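Residue strings, one per chain:
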Amino acid sequence: MRTQVGIIGAGPAGLLLSHLLARAGIDSVVLEARSRDYVERRVRAGVLEHPTVELLREVGLAERLDREGMPHDGISLRFDGGDHRIDFADLVGRGITVYGQQEVVKDLIAARLRDGGDLRFEVSDVTLDGLADAPVIGFTDADGQRQELRCDAVAGCDGFHGISRGTFEPQMFDREYPYAWLGILAKAAPTQHELAYANHPRGFALYSMRSPEITRLYLQVPPDTDAGAWSDARIWDELGVRLAADGFTLNEGPLIEKSVTGMRSVVAEPMRHGRLFLAGDAAHIVPPTGAKGMNLAIADVRVLAEALTDYLRRGDESGVDAYSDTCLRRVWRAEHFSWWMTSMLHVSPDTDPFARRLQLSQLHYTVTSRAAATSLAENYVGLPHGENR
Ligand code: APR
Ligand code: PHB
């Protein structure tokens, strides 16, 4: 088999890359270890930055997003018993859209299949060879047949636990945090329209939602927590305590999902090795506090699609040569923002009284200074694509 770009992984990065390349007349094949059903159901974050939404609109992927996505003009920060709104619309004139990552994945798969895209699910034992000049991807297909896919370039969009990054030795930058998030989806109508990030002495909590019927909630927990050890009643009690604010009520309902996610910051440099290009979680991980994971993956593949198009159409290598540096500028901005939000909002045994005072000072400053609030707002809604900060 032959294609121009072999893409490993059918998450938001791999699928959107395939879509963008197809629009530019470039062929690709997407190889995914899991089943279609699995990737369409995997529950993850749900905040789309403004530039993400604009891009999805521009490339014909926003029909359902525009119908079902929930536009938000701000968030609130809750601490010291007060609730403080950060008004994105007023501060930066743009907002975010709440729309589940798996909904984006469903829309991308539907669009690729409608356009005759080649997506192979349930492949195994993916190998990469010839990355210096003539890449060959080996894999076992869903029927157990061994296959070889020759291509001009390989996109490693296989997430944090994929195999692409392991084919070379990028320099790794890493931070672990002494906590994790217990996330739940509840069949309960949200009682407020916007997200609330709470810093409470007992730990962080986040109030979010997926639809007018579904609330999404998170609690900071110790990193080795077993989700099963938290009964539904204990979860609701703890959420009630940490999210408490004047006039706020929590609607309880049956839990549809309960899971624990670790928190890490990781960056691999460079994001390219010969004809292999890493994109999305394969190259970097952020803690979920800044809601940047999927948005970064999308920003990467926008740059990559353009670079590969110039290279494969006209032999122009300037874009592929600049790919890693271009992406890493945005990646490190998001790494800093996510680390900053995470450190400001979580309270753990490592938070000594001095650190606690610093957190509260930073929170007070952020909600009272227009300059500080604008900094949070412009990072949260997403700096424009192509801007090098
Ligand atoms: N072979 C084929 N596919 C693989 C392999 C492999 N060896 N290893 C992993 N994959 C697949 C995974 O099953 C997954 O579907 O690669 C895909 C990677 O997708 P994501 O993890 O969604 O990563 P990405 O597309 O970069 O999107 C980043 O995902 O982790 C979330 O919240 C994070 O929002 C971020 C987003
Ligand atoms: C979510 O809705 O799942 C969500 C929202 C904001 C975050 C992280 C997750 O920062």
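What counts and how
Residues numbered from 1 in each chain as written. Chains lettered and ligands numbered in written order. Predicted model: local features only at pLDDT ≥ 70, side-chain atom pairs only at ≥ 80, totals over all residues. Heavy atoms only, no water. Axes fitted to C-alpha atoms, helices over the stretch in contact; angles between N-to-C directions. Helix = DSSP H or I, 4+ residues; strand = E, 2+ residues; numbered from the N terminus. Parallel < 35°, antiparallel > 145°, perpendicular 65-115°, else oblique. Left-handed = near helix turned anticlockwise from the far one by under 90°. Contact = heavy atoms within 4.5 Å. Nonpolar A, V, L, I, M, F, W, Y, C, P; charged D, E, K, R; others polar. Expected span 1.5 Å × (residues − 1). Buried < 20%, exposed > 50% of the residue type's maximum accessible area, 1.4 Å probe, protein only. Polar contact = N/O pair within 3.5 Å; in protein donor to acceptor, adjacent residues only side chain to side chain. Core = buried A, V, L, I, M, F, W, Y, C linked by side-chain atoms within 4.5 Å. Domains from an automatic or database assignment. Buried area = accessible area lost by both parts, 1.4 Å probe. Near = heavy atom within 4 Å. Areas by Shrake-Rupley, 256 points an atom, 1.4 Å probe, with all protein chains shown as cover. Pairing = 2+ DSSP bridges.

Colleague: How would you summarise the packing of helix H9 (residues 318–345) against helix H11 (residues 370–381) if you had to cite specific residues and measurements?
Modeller: Two numbers describe a pair of packed helices, the interaxial angle and the distance between the axes. Relative to each other, H9 and H11 sit at 120 degrees, their axes nearing to 11 Å. Considered as vectors, H9 and H11 are oriented oblique to each other. As H9 runs across H11, the sense of the crossing is left-handed. Across the interface between the two elements, Arg333, Phe337, Trp340 and Met341 of H9 pack against Leu376, Asn379 and Tyr380 of H11. Residue composition of the contact of H9 with H11, grouped by class: five nonpolar, one polar and one charged.

Colleague: Before we move on, could you go through helix H1 (residues 12–23) and cite the residues and values that matter?
Modeller: Taking 1.5 Å of rise per residue, twelve residues should cover 16 Å, and H1 covers 16 Å from first to last C-alpha, within 8% of that figure. Most of H1 is tucked away, with ten of its twelve residues classed as buried.

Colleague: Summarise the side chain of Ser211; cite the residues concerned and give the values.
Modeller: Position of Ser211 relative to the elements: it lies in strand S14 (residues 203–211). Overall, Ser211 belongs to the buried group, its relative accessible area being 17%. Looking at Ser211, its side chain comes within polar contact range of the main-chain nitrogen of Ile214, at 3.2 Å. Each residue touching Ser211, except ones within four places of it in the same chain, is listed here: Met70 and Pro190.

Colleague: Explain the nonpolar core to me, and be specific about the residues and the numbers.
Modeller: Core analysis: the biggest nonpolar cluster contains 70 residues, and Leu16, Leu17, Ile137 and Leu308 have the highest contact counts within it. Broken down by element, the residue count for this core peaks at eleven residues, all from helix H8 (residues 293–314). The contact partners of Ile137, leaving out residues within four places of it in the chain, are Gly6, Ile8, Leu31, Val126, Thr127, Leu128, Gln147, Glu148, Leu149, Cys151 and Val154. Counting residues in hydrophobic clusters, the runner-up holds 55 residues, among them Ala205, Leu217, Tyr218 and Ala373.

Colleague: Lay out the domain arrangement of the chain in plain terms, naming residues and giving numbers.
Modeller: For the chain, the assigned domains read domain 1 (5–46 + 100–170 + 270–349) and domain 2 (174–263). Measuring from the centre of the C-alpha atoms in domain 1 to the corresponding centre in domain 2 gives 29 Å. With 17 residues of domain 1 in contact, the opposing surface of domain 2 contributes 18 residues. Across the domain 1 to domain 2 interface the summed buried area is about 1,500 Å²; carbon plus sulfur atoms make up 64%. Residues of the side of domain 1 that touches domain 2, tallied by class, amount to ten nonpolar, six polar and one charged.

Colleague: So, unusual backbone geometry: which residues are in play, and what are the values?
Modeller: A negative phi angle characterises most non-glycine residues, just as the trans form characterises most peptide bonds. A cis amide bond, omega -5 degrees, links Glu269 with the succeeding residue Pro270. Residue placement: Pro270 occurs in the loop between strand S16 (255–269) and strand S17 (272–273). One non-glycine residue, Glu122, adopts positive backbone phi at about 55 degrees. The topology assignment puts Glu122 in the loop between strand S8 (118–120) and strand S9 (124–129).

Colleague: A description of the site of ligand 1 should follow, citing residues and the corresponding values.
Modeller: Lining the immediate surroundings of ligand 1 are 25 residues, of which Glu32, Arg42, Arg44, Asp281 and Met294 lie closest. In this structure, an oxygen atom belonging to ligand 1 sits 2.9 Å away from a main-chain N or O atom of Ala13. Contact distances for ligand 1 include 2.5 Å between an oxygen atom and a side-chain N or O atom of Arg44. Burial of ligand 1 by the protein amounts to 86% of the accessible area it has alone, namely 710 Å². Breaking the shell around ligand 1 down by element, the ones donating at least two residues are H1 and H8. Residues of the shell around ligand 1, tallied by class, amount to twelve nonpolar, seven polar and six charged.

Colleague: Tell me about the pairing of strand S13 (residues 196–200), residues and numbers included.
Modeller: Every other side chain in a regular strand lies on the same face of the sheet, so the side chains alternate between the two faces. Counted residue by residue, S13 has five buried out of five residues, so it is predominantly covered. Alternating positions in S13 separate into two faces, Ala196, Ala198 and His200 on one and Tyr197 and Asn199 on the other, with burial throughout. Relative to S13, strand S5 (residues 74–79) runs parallel, the two sharing three bridges. Bridging across to S13, Ser76 finds its partner in Ala196. Note: S13 against S14, five bridges, orientation antiparallel. Bridge pairing in S14 places His200 opposite Gly203.

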